[in-house]
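# Tertiary structure, described
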Amino acid sequence: KAAAIPDKVNKYANAAPPLPRQNSKTTPPSPPRVITDKNRLVEFNRIGFLGEGGFARVYEVKDARGSRYACKVVTKTSLKTKKAKTKLYAEIKIHRSLSHPNIVRFADCFEDEDNVYMTLELCSSGSLMDMLRRRRRFTEPEARFFIVQLIGACNYMHTHQVIHRDLKLGNLFLDASMNIKVGDFGLAALIENEGERKKTICGTPNYIAPEVLFDQANGHSFEVDTWSIGVILYTLIIGRPPFQTKEVKDIYTRIRDNEYEFPSEKYISGEAKSIITRILTPDPSQRPTLLEIIASPFIEQGIIPGFIPMSALDTAPDFR
Ligand code: ADP
């Protein structure tokens, strides 16, 4: 029987994305050219703008030694509510506790009068979302390379009781050597008691697991990240997310009904189809574990390149 889409979900679905900031009234003043960490007596020169997300702007900065970082800047005016503060502290607490080659390294955080600053490992090749836009889709060897690194990071997070909850192409950054760096821990959750289930509806529509939306009674746990990995793998190979439609509400209906297909005009191997289908299982307890995905014929029997060349940002490499 089809579960009704809960009101809360609809409300969430219809929430308009924040409008791009256009005038000086809504654009917060730029952070200073020289950002100072007074406690550690360190100065960073702001040398470029990298991007902006829900509540932060991210700049490229350089310290006195010439080391470059990404600096995430959150204005204190956006931290007026207790909820906003709690959210940012949770993100910092979780992110700074993690250390893995495929997770954006959290260097430091400090504040001045106007802003809170987080210095992060710089990912100079953008995100997988940017790369997909240019490439339209990836070859299966590339998809294997990225998925293996993503699963390594995810397995590390899960063994440290962290669920990311917002794994998507836009949060998978690339360093100068084209390695994956998982970033943005803004929606991450810490599982403090074994068997604990989370109840908050959160995530990004295309990538949300069905139990987050439709099993409020039971809640959700680590398997939501596995689901997102399935959506990511499909998107890398096919070029668009499996449940994509114009209306967010319809995306949720499709997720509820497990309604997606492999378009016949696009090449995808039987092994890839099979593992994606297994991952996109509605019942979270029936989904493969991260180790089972690594042991699947798709990963086990295919070519995994040792590295991805920079030229892959624009053109498909040939790994045969
Ligand atoms: P938010 O949490 O507000 O969504 P994000 O962490 O997603 O912010 O960052 C917003 C944008 O800043 C990203 O889309 C990306 O363009 C850029 N960015 C974030 N972190 C880095 C990084 N470590 N290296 C390079 N660019 C980054």
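All figures in this text were calculated on a predicted structure; none of them were measured in a lab. (Residues numbered from 1 in each chain as written. Predicted model: local features only at pLDDT ≥ 70, side-chain atom pairs only at ≥ 80, totals over all residues.)

So, about the overall build of the protein chain. On a plain count of helices and strands, the protein chain comes out with 10 helices and 10 strands. Its C-alpha atoms give the protein chain a radius of gyration of 20 Å, near enough to 20 Å, the size a compact globule of 320 residues would have. Structurally, the protein chain occupies a C-alpha span of about 55 × 50 × 40 Å along its principal axes. Per-residue burial for the protein chain yields a buried fraction of 36% across its 320 residues. Sequence-distant contacts in the protein chain: of pairs separated by 6 or more residues, those separated by 24 or more amount to 63%. (Helix = DSSP H or I, 4+ residues; strand = E, 2+ residues; numbered from the N terminus. Rg over C-alpha atoms; globule rule 2.2 N^0.38 Å. Buried ≥ 20, exposed ≤ 12 C-beta atoms within 10 Å, placed from the backbone. Contact = placed C-beta atoms within 7 Å.)

An ideal rise of 1.5 Å per residue puts 28 Å on 20 residues; helix α4 (residues 140-159) measures up with 28 Å between its terminal C-alpha atoms. Of the residues trailing α4, Q161 is marked for its positive phi of about 65 degrees. (Expected span 1.5 Å × (residues − 1).)

The next subject is the sheet that holds strand β6 (residues 115-121). With respect to topology, six strands assemble into an open sheet ordered β1-β2-β3-β4-β6-β5, the strand pairing being antiparallel. In this open sheet, the two edge strands, each paired with only one partner strand, are β1 (34-37) and β5 (106-111). Strand-to-strand twist of the sheet, defined as the mean angle between neighbouring strand axes without regard to direction, takes the value 35 degrees. Sheet topology places β5 next to β6; five bridges connect them, and they run antiparallel. Paired with D108 across the two strands is T119, which belongs to β6. Where helix α2 (residues 82-96) meets the sheet, it contacts β4 (68-75), β5 and β6, and its direction lies at approximately 150 degrees from that of β5. (Pairing = 2+ DSSP bridges. Axes fitted to C-alpha atoms, helices over the stretch in contact; angles between N-to-C directions.)

Glancing now at the nonpolar core. Generally speaking, a soluble globular protein has its nonpolar side chains buried in company with each other. Counting 76 residues, the largest nonpolar core has C71, F146, L150, I229, I232, L233 and I237 as its most contacted members. Discounting chain neighbours no more than four positions away, the residues touching I229 are I147, L150, I151, C154, L167 and I279. (Core = buried A, V, L, I, M, F, W, Y, C linked by C-beta atoms within 7 Å.)

Quick look at unusual backbone geometry now. A positive phi angle, near 65 degrees, is found at M178, a position not held by glycine. With respect to the secondary-structure elements, M178 resides in the loop between β8 (172-174) and β9 (180-182). One non-glycine residue, D184, adopts positive backbone phi at about 55 degrees. Within the element layout of this structure, D184 appears in the loop between β9 and β10 (189-190). Look at D184 and you get buried, because 23 C-beta atoms sit within 10 Å.

Now for the site of the ligand. Around the ligand, the structure places 20 residues, and the nearest of them are G51, G53, V58, A70 and C123. Breaking the shell around the ligand down by element, the ones donating at least two residues are β2 (42-52) and β6. (Near = placed C-beta within 6 Å.)

Moving on: the UniProt feature "binding site: ATP" (unreviewed entry) in the protein chain. UniProt feature "binding site: ATP" (unreviewed entry): in the numbering of this structure it lies at K72. Position of K72 relative to the elements: it lies in strand β4. Setting aside residues up to four positions removed in sequence, K72 forms contacts with A56, V58, M118 and L120. (UniProt positions renumbered as here; feature names shortened; annotations may be inferred.)

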